[in-house]
Amino acid sequence: MEATLPKTVKPIPAPVQDGPLNAETLGKFIRARRTQAGMGMHEAAAYCGVAVDTLSKIETAKGDVKLSSMLTVCRMLGINLKVEPWEE
């Protein structure tokens, strides 16, 4: 019986952000960061402490997820989100 090698994760470049951040663009940033770190979906979900289904929903912007889960994934993958002050 032959041993199977782990699947190699192909790095995806970070997307270009035009305008305000939305769920779809944030998902693309998260997927790019995960793949650049060489992590598959299952490995990254375990590392971030979320379900694979949750990470998939975040990356594809399909379905609702808790904000706390999204922030945890960003923090664990080294993605910094910044809120800029607004003018009154």
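Residues numbered from 1 in each chain as written. Predicted model: local features only at pLDDT ≥ 70, side-chain atom pairs only at ≥ 80, totals over all residues. Heavy atoms only, no water.

Novice: Hey, could you run me through the packing of helix α1 (residues 23-36) against helix α3 (residues 52-60) in this one?
Specialist: Two measures define how a pair of helices packs: the angle their axes make with one another and the distance between the axes. Between α1 and α3, whose axes approach to 6 Å, the crossing angle comes to 120°. Relative to α3, α1 is oriented oblique. Taken together, the residues of α3 that come into contact with α1 (itself represented by Ala23, Gly27, Lys28, Ile30, Arg31 and Arg34) are Leu55, Ile58 and Glu59. The residue inventory of the contact of α1 with α3, partitioned by class, reads 4 nonpolar, 1 polar and 4 charged. (Axes fitted to C-alpha atoms, helices over the stretch in contact; angles between N-to-C directions. Helix = DSSP H or I, 4+ residues; strand = E, 2+ residues; numbered from the N terminus. Parallel < 35°, antiparallel > 145°, perpendicular 65-115°, else oblique. Contact = heavy atoms within 4.5 Å. Nonpolar A, V, L, I, M, F, W, Y, C, P; charged D, E, K, R; others polar.)

Novice: Looking at this structure, I do not really get the side chain of Thr25. What am I missing?
Specialist: Here Thr25 shows up in helix α1. According to the relative accessible area criterion, Thr25 is buried, its value standing at 17%. Ignoring anything within four residues of it in the chain, the contact list for Thr25 reads Pro15 and Gln17. (Buried < 20%, exposed > 50% of the residue type's maximum accessible area, 1.4 Å probe, protein only.)

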